[in-house]
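Spelled out, the chains give:
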Amino acid sequence: MNTARYLEETREKVDRALTALMPGEGSHPARLVSAMRYSLFGGGKRIRPVLTLAASAAAGGKIQDALRPACAVELVHTYSLIHDDLPAMDDDDFRRGRATCHKAFDEGTAILAGDALLTLAFDLLTAEDEGPDSHLRLLMVQELARAAGWRGMVGGQQVDMDSEGADPDLPLLEYIHTHKTGALIRCSVIMGGICAGADEVTVKALASFGEKVGLAFQVVDDILDVTATTEEMGKDQGSDAQRGKVTYPALFGLEGARERAFKLVEDAKDAMEGVDATGRLAEIADYVLLRRL
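An account of the accompanying structure is given in this report. (Residues numbered from 1 in each chain as written. Predicted model: local features only at pLDDT ≥ 70, side-chain atom pairs only at ≥ 80, totals over all residues. Heavy atoms only, no water.)

## Topic: the nonpolar core
Applicable threshold: Side-chain atoms within 4.5 Å link the members of a nonpolar core, which is a set of buried Ala, Val, Leu, Ile, Met, Phe, Trp, Tyr and Cys residues. Whether a residue is buried, partly exposed or exposed follows from its accessible area with a 1.4 Å probe, protein chains only, as a fraction of its type maximum: under 20%, in between, or over 50%, in that order. In this description a helix means any DSSP run of H or I spanning at least four residues, a strand means any run of E spanning at least two, and both kinds are numbered starting from the N terminus. Two residues form a contact once any of their heavy atoms are found within 4.5 Å.
The biggest cluster of nonpolar side chains holds 44 residues, and the ones touching the most others in it are Leu-75, Val-76 and Leu-144. No other element matches the nine residues that helix α4 (residues 63-84) contributes to this core. With residues up to four places along the chain from it excluded, the contact list for Leu-144 reads Ala-72, Val-73, Val-76, Ala-121, Phe-122, Leu-125, Leu-184, Cys-187 and Met-191. Grouped together as the second largest cluster of nonpolar side chains are 40 residues, Ala-54, Leu-206, Ala-216 and Ala-268 included.

## Points about the pattern of salt bridges
Here is the rule we go by: By convention in these notes, a salt bridge is any Lys or Arg side-chain nitrogen within 4 Å of a carboxyl oxygen on Asp or Glu.
Scanning the model with the defined rule gives 18 salt bridges in all. Measuring nitrogen to oxygen at the nearest pair gives 3.7 Å for the salt bridge that ties Lys-103 to Asp-93. With Lys-103 in helix α5 (residues 101-104) and Asp-93 in the loop between α4 and β1 (94-95), the pair connects residues that are ten residues apart, well separated along the chain. What makes Lys-103 partly exposed here is its relative accessible area of 48%. Overall, the relative accessible area of 30% leaves Asp-93 in the partly exposed class. Because the salt bridges share partners, they merge into one network encompassing Glu-8, Arg-11, Asp-15, Arg-46 and Glu-74.

The structure is reproduced here in structure tokens:
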């Protein structure tokens, strides 16, 4: 199966699982549920859950054991987008080609929708049903909490806000990127390995892959903020520059940023040599990241 078809079919599996796990439209409290569903089912490539499923397969796991962890990662990602778009954060009006949650509903509801999706993620990971044993679930809860919290995504968001308008330097830039974006992508890959019961060597390789892909993902996003149109991005083009954010193009120029993205993807693929017999993770990294440049 080629990579494009794999990504589409896997995205559809994730969407079916999310539909089954989410409260239905009209569930009480109706406005909150509508806002949760509006943001969760508003498009998106589901890259993070796809990576979870691919990493699980690379480690010899079963897809049915990896679906809930994959959905949990997507719930946390969606919560982060809702909150990032708020007026107190990045103050964006559009996400994935349509109004952001706080514009479609209201600011208070958007905050609560994000909170609800975040907490639902951990509900899914700890639900008592078939799947990984309780020890593996605990490891995934810990991994996701750390990636999403002050040592990961939330901490990266704080430093990103604090550094607006600052003179860019590489340590600051990489701290922001590896925490705000990279931590959850790294976590997505590690959770795939954990739910498959992977050994320490495999989990370490997956972590290295996820760390490099996560950083590459944000480098590419920085580039597209400069080169892509608003229609292509589904959000306001050039918003990073307008807010004076620290980015790779600002520090290295477009060509230097592209070179960094290519190098990170090559390093990520090297990390999986001898570990991923399917080769699917390397294909995903190439297709999702490099084809956009």
